[in-house]
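Examination of the molecular architecture
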Amino acid sequence: MLSQPDLPIGSVRLVIFCLLVHVADIMSVKVTNLDDFISPGLECIKPAQVETTTLPEGAPKKQIGYRNDAAKSLNRTETESQYALKVAKVSLKDCLACSGCITSAEAVLVERQTHQELLRIIDEFANGNAEFNHVVVSLSPQSRIAIASHYGTTQERVLRRISSYCRKKLRATEIWDTSMANDISLLQSSAEFMNRVKMNSPSHPVLPMMASSCPGWICYAEKMKHELLPLVSTAKSAQQITGIFLKQRFGPKNVFHVTVMPCYDKKLEAMREEVAGEVDMVITTTELLELMNGWTAEENVDMSKFRTDPSGQLSRNAGSASGGYLDHITSHCVPLLLSQEYDIRSRIIRSEDFTEVTIHVSGEEVPKLRLAYVYGFRNIQNLMRNMKKTSQSKGYDYIEVMACPKGCLNGGGQLDRKLPPKERKEWISKMDALFNSMPQSRVSVIEQLGTHQDLSRWYANLLADWDKSRDGLPDPLHTSYNAVPQDDFSLGVVW
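Residue positions within a chain follow its written sequence, with the count starting from 1. Residue-level local features of this predicted model are given only where pLDDT is at least 70; pairs of side-chain atoms are given and counted only at 80 or more, and the full residue set underlies all totals for whole chains, interfaces and linings. Note that the side-chain values use all heavy atoms of the structure and ignore hydrogens as well as water.

**Brief notes about the overall build of the protein chain**
Numbered from the N terminus, helices here are DSSP runs of H or I no shorter than four residues, and strands are runs of E no shorter than two. Helix and strand counts for the protein chain come out as 16 helices and 14 strands. Using a 1.4 Å probe on the protein chains alone, a residue whose accessible area is under 20% of its type maximum counts as buried, one over 50% counts as exposed, and one in between counts as partly exposed. Among the 495 residues that make up the protein chain, the fraction classed as buried is 49%. Two residues form a contact once any of their heavy atoms are found within 4.5 Å. Sequence-distant contacts in the protein chain: of pairs separated by 6 or more residues, those separated by 24 or more amount to 72%. Taken as a whole, the protein chain presents about 24900 Å² of accessible surface, with 52% of it coming from carbon and sulfur. Here, Shrake-Rupley sampling with a 1.4 Å probe gives the accessible areas, and only protein chains in the shown set may cover a residue.

**What to know about the sheet that holds strand β7 (residues 209–210)**
Backbone hydrogen bonds hold the strands of a sheet together, and the pairing may be parallel or antiparallel. Should DSSP find at least two bridges between two strands, the strands are taken to pair. Taken together, the 5 strands give an open sheet; going across it, the order is β7-β14-β13-β12-β11, and neighbouring strands pair in mixed fashion. In this open sheet, the two strands that pair with only one neighbour each are β7 and β11 (342–348). Here strand β12 (residues 354–361) runs beside strand β13 (residues 369–375); their pairing, made up of 6 bridges, is antiparallel. Opposite threonine 358, over in β13, you have arginine 370 as the bridge partner. Note on definitions: angles span 0 to 180 degrees between N-to-C directions of axes, and those axes are lines fitted to C-alpha atoms, for helices only across the stretch in contact. Its contacts with the sheet put helix α12 (residues 325–337) on β11, β12, β13 and β14 (398–402), and the angle it makes with β13 is roughly 170°.

**Quick word on the pattern of salt bridges**
The term salt bridge refers to a pairing of a side-chain nitrogen on Lys or Arg with a carboxyl oxygen on Asp or Glu at a separation within 4 Å. A full pass over the atoms with the stated rule returns 16 salt bridges. With a shortest N-O distance of 2.6 Å, lysine 247 and aspartate 280 are connected by a salt bridge. On the criterion of sequence distance, the pair formed by lysine 247 in helix α9 (residues 238–250) and aspartate 280 in the loop between α10 (265–270) and β9 (281–284) is long-range, its members being 33 residues apart. Given a relative accessible area of 27%, aspartate 280 falls into the partly exposed group. For arginine 345, the salt bridge is made with glutamate 365, and the minimal N-O distance between the two is 3.1 Å. Here glutamate 365 lies in the loop between β12 and β13 and arginine 345 lies in strand β11, a separation of 20 residues in the sequence.

**Concerning the nonpolar core**
When a protein is soluble and globular, its nonpolar side chains tend to lie buried together. For our purposes a nonpolar core is just a set of buried Ala, Val, Leu, Ile, Met, Phe, Trp, Tyr and Cys residues, chained together by side-chain atoms within 4.5 Å. Of all hydrophobic cores here, the largest spans 43 residues; its most connected members are Met210, Trp217, Leu371, Ile380, Leu383 and Tyr398. Put simply, the parts of the chain that give this core at least two residues each are α7 (179–199), β7, α8 (215–224), α12, β12, β13, α13 (377–389) and β14. Top element by residues in this core is β13. It accounts for 6 residues. Tyrosine 398 has contacts with Phe193, Pro208, Met209, Ala211, Tyr325, Leu326, Ile329, Arg370, Leu371 and Ala372, leaving out every residue within four places of it along the chain. In terms of nonpolar packing, the next biggest core, distinct from the first, is built from 39 residues, Val158, Met281, Leu291 and Leu415 among them.

**Observations concerning the pairing of β12**
Buried residues dominate β12, accounting for 8 of its 8 residues. Taking every second residue as pointing to the same face, both faces of β12 are buried, with Phe354, Glu356, Thr358 and His360 on one and Thr355, Val357, Ile359 and Val361 on the other. Two strands pair when backbone bridges link them, and β11 and β12 are joined in this way by 7 bridges, in the antiparallel orientation. What sits directly across from tyrosine 342, in β12, is valine 361. With antiparallel pairing between neighbouring strands as the criterion, β11 and β12 make up a hairpin whose turn holds 5 residues.

Following this line, the structure appears as structure tokens:
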């Protein structure tokens, strides 16, 4: 317990702040050290910003102390002739502004989603003590690209190595690429956008529609921006759609579904009550690499068990490496909304992480549609402020929101997180080039049931079955969100 030291109020504030940081360190609820992520185990992304000033010659030294009746005093003296500390003002509001912290309950859930826990479950399965009969792994393209970049090899060789490990060590029956499920998510998003355009009105605004595939952004909206939840797309992510398919393919209790994702928050997404049972375990790219440490086998692997494009080629979505949601809206919805010829223009607002895309009918300068890429919590917060100032008629129609700067390739669970900023930027550019080197998938092919027969047939049947019996049944490809109430206690005040 703090005693009553003879300290100025500013010093007391700093001491309290340090204590809070110490508590956070003990709880290990911290986030990554790059810019603004949600990821346990690294430095806080929003440290107190301290400006320094030079004191006049001969200014007295000052002392900041911390005393505890149960322990000896800890004192630290700084030479104030070098710099003077300004008062650190930190509130709980500041901590939550980045959505970086997860609750203690969420921390417990994340602990159940580790690669050590995965090995324990696989060991039980190998010894015949599991309730399921199949293990299936689904792999995100961002994770695949990151590992290929890390090893400096091709994605095809990395896939052979991953498939070999998953088949032999994790006893996986199949390994799935989530790109096909991402195409289904894009289709659901575009259909929802078209419906929102028809429903939108000044009295009942449902635009801008905001992408929902990033669980970090969803966590932030549910905790801090309740008023935005009606604007968030309800389409499920590729991870969850893959889970729905596999659970129906093998039987809900007959398969253990493991996903490999670039983001720690995907663990929380998998354990949401609204999507419970679709994904059993999520590990990050970093965790997969730790599991595969020293595993080099890649020859003589039965790649027929890796499910991707029927041609056997790896493909990508058009647009961003974070799912391509905005690009799909412009290519799929805009032609249906505008009968005239139009052109697409882009403009960087603050950085490439905040880019505006406008759709102009030929000869007109006022855009018919405004869209934006908004990546990183700092840009998200700037967007929130702008939305408060902007009238509905001049606002955005669609926003692709991602919590991580540079998007999913730079997710909190990706590799080489400790690189210096310049090298990190070059590494992300390398991954982006690798992503863009793949041929584009064609979403329209899925609509015409020309893609992988198993998945496309399931997609068609799922929609047909739900359409016949939709009364009282939730849409299996869409979800819902819940505002998380904020506790009102003393730390919520601005000191």
